[in-house]
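Spelled out from the first residue to the last, the chains are:
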Amino acid sequence: STDHYIGKDLSHARDELTFYEQVLQLSAKRDCGGLGKMLPFMFEYAGLLTCPVRDAGGGIVEEGTLDLLVMRNLHDGCARLRMLDIKIG
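Per-chain numbering applies: the sequence of each chain, read as written, is numbered from 1 onward. Where local features are concerned, this predicted model is filtered to residues with pLDDT of at least 70; where side-chain atom pairs are given and counted, the filter is 80 or more; whole-chain, interface and lining totals use all residues. Remark: hydrogens and water are excluded; side-chain values derive from all non-hydrogen atoms of the structure.

**Quick look at the layout of surface pockets**
Point 1. Roughly 1000 Å³ of volume is contained in the largest pocket.
Point 2. Put simply, the parts of the chain that give the lining of the largest pocket at least two residues each are strand E1 (5-9), helix H1 (14-27) and strand E3 (60-72).
Point 3. Helix and strand assignments follow DSSP, with helices taken as H or I runs no shorter than four residues and strands as E runs no shorter than two, numbered in order from the N terminus. Of the residues forming the lining of the largest pocket, the biggest block, six residues, is contributed by H1.
Point 4. Tallied by class, residues from the lining of the largest pocket come to 19 nonpolar, two polar and five charged. Definitions used for this entry: grid spacing 1 Å over protein atoms alone; cavity, a set of points where a 1.4 Å probe fits but cannot get out; pocket, an open set with protein on both sides within 12 Å along at least 5 of 7 lines; lining residue, one with an atom within 4 Å of a point. Grid points are joined across faces, edges and corners, and a volume is the space filled by probe spheres set on the points. Polar here means any residue outside two lists: the nonpolar Ala, Val, Leu, Ile, Met, Phe, Trp, Tyr, Cys and Pro, and the charged Asp, Glu, Lys and Arg; Gly therefore counts as polar.

Pasting the structure below:
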């Protein structure tokens, strides 16, 4: 669907970039070691997107671009979302 992915502002998630890039690399390998069993439960991450910034009228702001982590929108296809957030480390 058109809402399958969302963009998360990298300026609020810079510490997450390395983690998701490592997960993306691991998911491309056959043998992921101990983390392989956890990969299906992690956010689907598509990469980093740099896009132009637009003003309220839809015009492009000349001086700005925005870096976004492109991730699966967990609300896509769900009438109600139930989620368990587990923090490790």
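Here the narrative resumes.
**With respect to the nonpolar core**
Note that soluble globular proteins tend to have their nonpolar side chains buried in a common cluster.
Point 1. For this analysis, a nonpolar core means a set of buried residues of the types Ala, Val, Leu, Ile, Met, Phe, Trp, Tyr and Cys, connected via side-chain atoms within 4.5 Å. We call a residue buried when its accessible area falls under 20% of the maximum for its residue type, exposed when it is over 50%, and partly exposed in between, using a 1.4 Å probe and counting protein chains only. One finds Leu-10, Ala-13, Leu-17, Tyr-20, Tyr-45, Leu-69 and Met-71 forming the largest nonpolar core, which totals seven residues.
Point 2. Going through the elements one at a time, H1 and E3 are the ones with two or more residues in this core.
Point 3. Pairs of residues are marked as contacts when any of their non-hydrogen atoms sit within 4.5 Å. Excluding residues that lie within four positions of it along the chain, Tyr-20 makes contacts with Phe-43, Tyr-45 and Met-71.

**Notes on the confidence of the model for the protein chain**
Low-pLDDT portions of the prediction should not be read for the details of their coordinates.
Point 1. Residue-level pLDDT values for the protein chain average 84, and 100% of them are 70 or greater.
Point 2. The score called pLDDT rates the predictor's confidence residue by residue, from a low of 0 to a high of 100. Within the protein chain, the element-level pLDDT minimum falls on E3, averaging 86, and the maximum on E1, averaging 92.

**As for the sheet that holds strand E2 (residues 45-54)**
Point 1. When DSSP finds two or more bridges between a pair of strands, those strands are recorded as paired. In space, the three strands of this open sheet follow the order E1-E3-E2, with antiparallel pairing throughout. The two strands at the open ends of the sheet, each matched to only one other strand, are E1 and E2. Across the sheet, the axes of successive neighbouring strands diverge by a mean angle of 40°, strand direction being ignored.
Point 2. As paired strands, E1 and E3 are joined by five bridges and run antiparallel to one another. Residue pairing in the sheet places Lys-8 in a bridge with Leu-69 of E3.
Point 3. Helix axes are fitted to C-alpha atoms over the stretch in contact, other axes to C-alpha atoms as well, and angles between N-to-C directions run from 0 to 180 degrees. Contacting E1, E2 and E3, H1 crosses the sheet at an angle of about 135° to E2.

**Points about a nonpolar patch on the surface**
Point 1. A cluster of nonpolar residues, Leu-35, Met-38, Leu-84, Ile-86 and Ile-88, forms a patch on the protein surface that exposes about 570 Å² of accessible area.
Point 2. Position of Leu-84 relative to the elements: it lies in the segment after E3. A patch is a set of surface residues, each over 30% in relative accessible area and not in a salt bridge, joined within 9 Å for like charges and within 5 Å for the nonpolar side chains Val, Leu, Ile, Met, Phe, Trp and Tyr. To measure how exposed things are, a 1.4 Å probe is used in the Shrake-Rupley method; for residues, cover is taken only from the protein chains shown. Think of a salt bridge as a Lys or Arg side-chain nitrogen and an Asp or Glu carboxyl oxygen that are within 4 Å of each other.

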